[in-house]
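Commentary on secondary and tertiary structure
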Amino acid sequence: MQGLNPNRKIIHIDMDAFYASVEQMDNPLLRGKPVAVGGSENRGVVAAASYEARKFGVRSAISGALAKKYCPELIFVQPRFDRYKEISNKIRKIFYEYTDLVEPLSLDEAYLDVTKNKKGNPSASLLAQEIRLRILNETGLTASAGISINKFVAKIASDYNKPNGQKTVSPDEVIPFLEELPIRKFYGVGKVTTEKMYQLGIFTGVDLKSKTLDFLEKHFGKSGNFYFDVVRGIHNSEVKSDRITKSVAAEHTFDINLSSEIFMMEKLESIAISLEKRLKKYDVAGKTVTLKIKFSDFTQQTRSKTVPYFISDKGLILEIVKELLFQERMKDSVRLLGISLSNLNTEEKKFLVVQLKFAF
Ligand SMILES: [Mg+2]
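Residues numbered from 1 in each chain as written. Predicted model: local features only at pLDDT ≥ 70, side-chain atom pairs only at ≥ 80, totals over all residues. Heavy atoms only, no water.

Observations concerning the overall build of the chain
Across its full length, the chain carries 14 helices and twelve strands. Expressed along its principal axes, the backbone C-alpha trace of the chain runs to roughly 70 × 55 × 45 Å. Looking at the chain as a whole, 47% of its 360 residues qualify as buried. Taking as baseline every contact in the chain between residues at least 6 positions apart, the subset at least 24 positions apart corresponds to 64%. Put simply, the chain shows about 18500 Å² of open surface, and 52% of that area lies on carbon and sulfur atoms. (Helix = DSSP H or I, 4+ residues; strand = E, 2+ residues; numbered from the N terminus. Buried < 20%, exposed > 50% of the residue type's maximum accessible area, 1.4 Å probe, protein only. Contact = heavy atoms within 4.5 Å. Areas by Shrake-Rupley, 256 points an atom, 1.4 Å probe, with all protein chains shown as cover.)

Okay, here's the thing in structure tokens:
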């Protein structure tokens, strides 16, 4: 078993009330006011709340109606994901100037491994300060940070001095920090698990630590092992570099080169079926359809079309593919055809799922 590794330097950066802060920055009339992004007073759920709204108990994932009840002055605005993405990209560019080991958790949160960093700066705390200042200067928005030896502790620490603050838990502070930590603050311990922990007499890290691995596994299954380790400062999960799925594709190389568009369309239908399967597997949809064509002389061409809504259904994809196929005459016979879908809804998905759950 590996023990606590004191040698890594991990920063967790979290933008403060991100969606709401963007709306307040872009619209001066919303500044200093309680703002909810998403939902309305009649339906839907709140995706994010400004700090002014949080004072009234307005939080993400509560219904718009309840939010309005808590805070009658609440202003609802609709989310603008393109804008959030634009800012998110700016922030990620800043991260990459410090390290390539960036693992985004969402548009507004990421882990950075700065053990070795591009600035050659040994102080992760100073780096976090610098990064937060650059985010502020370049986007006008504030971020908070947690700094420690692993992702687990860094994530918990970033919440401590929010908004616009940071907290470092140095290697020698990790154990006392975790021992004193209320169990509900352990990352990965949700409402249900918290209740269960309470029933077992576990209220803080110290209580958790007093339980054997057997005991924890008996009551929490596989997670038991996780709880046993993290409370001892052991969490060796690496910062998994970005590069989340940007596109999903399927293609096929033919035994005999094709020269008739009718045959090509037939092949494309079966390619679309495999593409649709993959999209289902990743549970994503996209806006941009690209047709890839490799000719018998090995040159390649791509033709793309973007629609204003997310699609994942093979019928809709094929309609666009057909259009792309007949857009221009083939200059040669074809040895490979492929379809890919990009401009994926990987980021919006979380929000949409919440919406669907509550919208009815
Ligand atoms: Mg945030």
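Continuing now.
Quick look at the environment of Leu-136
Relative to the helices and strands, Leu-136 resides in helix α5 (residues 124-139). For Leu-136, a relative accessible area of 32% puts it in the partly exposed group. Taking the C-alpha atoms as reference points, Leu-136 and Ile-91, 45 residues apart in sequence, are found 9.7 Å from one another. When sequence neighbours within four positions are dropped, the list of residues in contact with Leu-136 reads Leu-141 and Thr-142.

Quick word on unusual backbone geometry
Glycine aside, residues mostly have negative phi angles, and peptide bonds mostly take the trans form. Following Lys-162, the chain continues into Pro-163 via a peptide bond in cis, with omega recorded as -10°. With respect to the secondary-structure elements, Pro-163 resides in the loop between α6 (151-157) and β8 (166-168). Although it is not a glycine, Phe-298 sits at a positive phi angle of roughly 70°. Of the residues examined, Phe-298 reaches a relative accessible area of 58% and is grouped as exposed.

Considering empty space enclosed by the protein
Scanning all chains against the criterion turns up one cavity of 30 Å³ or more. Among the secondary structure elements, those contributing two or more residues to the lining of the largest cavity are β1 (10-15), α4 (81-96) and β6 (109-113). Take the lining of the largest cavity: its biggest share by element is four residues, from α4. Across the lining of the largest cavity, the residue classes tally to six nonpolar, two polar and three charged. (1 Å grid on protein atoms, 1.4 Å probe; cavity = no way out; pocket = protein on both sides within 12 Å on 5 of 7 lines; lining within 4 Å. Points joined across faces, edges and corners; volume = space filled by probe spheres on them. Nonpolar A, V, L, I, M, F, W, Y, C, P; charged D, E, K, R; others polar.)

Points about α5
Here α5 is 16 residues long and its end C-alpha atoms lie 22 Å apart, about the 22 Å a rise of 1.5 Å per residue gives. Taken as a whole, α5 has its buried residues at Ala-124, Leu-127, Ala-128, Ile-131, Arg-132, Arg-134, Ile-135 and Thr-139. Looking down the long axis of α5, one finds its buried residues gathered within 160° of arc, a one-sided arrangement. Contacts made by the buried residues of α5 are with β1, α1 (18-26), α4, β6, β7 (143-148) and β8. Backbone geometry just downstream of α5 places Gly-140 in the positive-phi region, at approximately 80°. (Expected span 1.5 Å × (residues − 1). Arc of directions from axis to C-beta.)

Quick word on the sheet that holds strand β2 (residues 35-37)
In space, the three strands of this open sheet follow the order β3-β2-β4, with mixed pairing throughout. In this open sheet, the two edge strands, each paired with only one partner strand, are β3 (48-49) and β4 (75-77). Examined bridge by bridge, β2 and β4 share three bridges and lie parallel to one another. Across the sheet, residue Val-37 finds its bridge partner in β4, namely Val-77. (Pairing = 2+ DSSP bridges.)

Some remarks on the packing of helix α10 (residues 213-220) against helix α11 (residues 222-230)
Across the interface, α10 lies against α11 with an axial gap of 6 Å and an inter-helix angle of 140°. What the angle tells us is that α10 and α11 run oblique. In this structure, α10 crosses over α11, and the sense of that crossing is right-handed. On the side of α10, the interface is formed by Leu-213, Leu-216, Glu-217 and Phe-220, while α11 contributes Lys-222, Ser-223, Gly-224, Asn-225, Tyr-227 and Phe-228. Residues of the contact of α10 with α11, tallied by class, amount to five nonpolar, three polar and two charged. (Axes fitted to C-alpha atoms, helices over the stretch in contact; angles between N-to-C directions. Parallel < 35°, antiparallel > 145°, perpendicular 65-115°, else oblique. Left-handed = near helix turned anticlockwise from the far one by under 90°.)

Notes on the UniProt feature "active site" (unreviewed entry) in the chain
Sequence positions flagged by UniProt for "active site" (unreviewed entry) are, in local numbering, Glu-109. Tracing the chain through its elements places Glu-109 in strand β6. Once residues lying within four places of it in the same chain are set aside, the contact partners of Glu-109 are His-12, Ile-13, Asp-14, Glu-103, Pro-104 and Lys-155. (UniProt positions renumbered as here; feature names shortened; annotations may be inferred.)

Concerning the sheet that holds strand β10 (residues 286-295)
Consider a sheet: its strands pair through backbone hydrogen bonds, and that pairing is either parallel or antiparallel. The four strands are arranged β9-β12-β10-β11 in an open sheet whose pairing can be described as antiparallel. At either margin of the open sheet sits one strand with a lone partner, and together these are β9 (247-258) and β11 (300-311). Ignoring which end each strand starts from, the neighbouring axes of this sheet average 15° apart. Bridge count for β9 against strand β12 (residues 334-344) is eight bridges, and the pairing is antiparallel. Across the sheet, residue Ala-250 finds its bridge partner in β12, namely Ile-339.

Focus: the packing of aromatic side chains
In this structure the tally under the stated criterion is eleven aromatic pairs. Consider the rings of Tyr-19 and Tyr-84, whose centres lie 4.3 Å apart with planes at 10°: the pair is stacked. You can see Tyr-19 sitting in helix α1 and its partner Tyr-84 sitting in helix α4, a full 65 residues away along the chain. Seen in terms of ring centroids, Phe-81 and Tyr-84 are 5.7 Å apart; in terms of plane orientation they differ by 85°. Their pairing is edge-to-face. Note that Phe-81 and Tyr-84 are positioned in helix α4 at a spacing of three residues, about one turn of the helix. The burial state of Phe-81 is the same as that of Tyr-84; both residues are buried. Three or more aromatic residues joined by ring pairs make a cluster, and in this case those are Phe-152, Phe-186, Phe-220, Phe-226 and Tyr-227. Note that Arg-54 overlies the ring of Tyr-51, its terminal NZ or CZ placed 4.6 Å from the centroid. If you follow Lys-119 out to its NZ or CZ, it ends over the ring of Tyr-98, 4.9 Å from the centre. (Phe/Tyr/Trp six-rings, centres within 6.5 Å; stacked < 30°, edge-to-face > 60°. Lys NZ or Arg CZ within 6 Å of the ring centre and 35° of its normal.)

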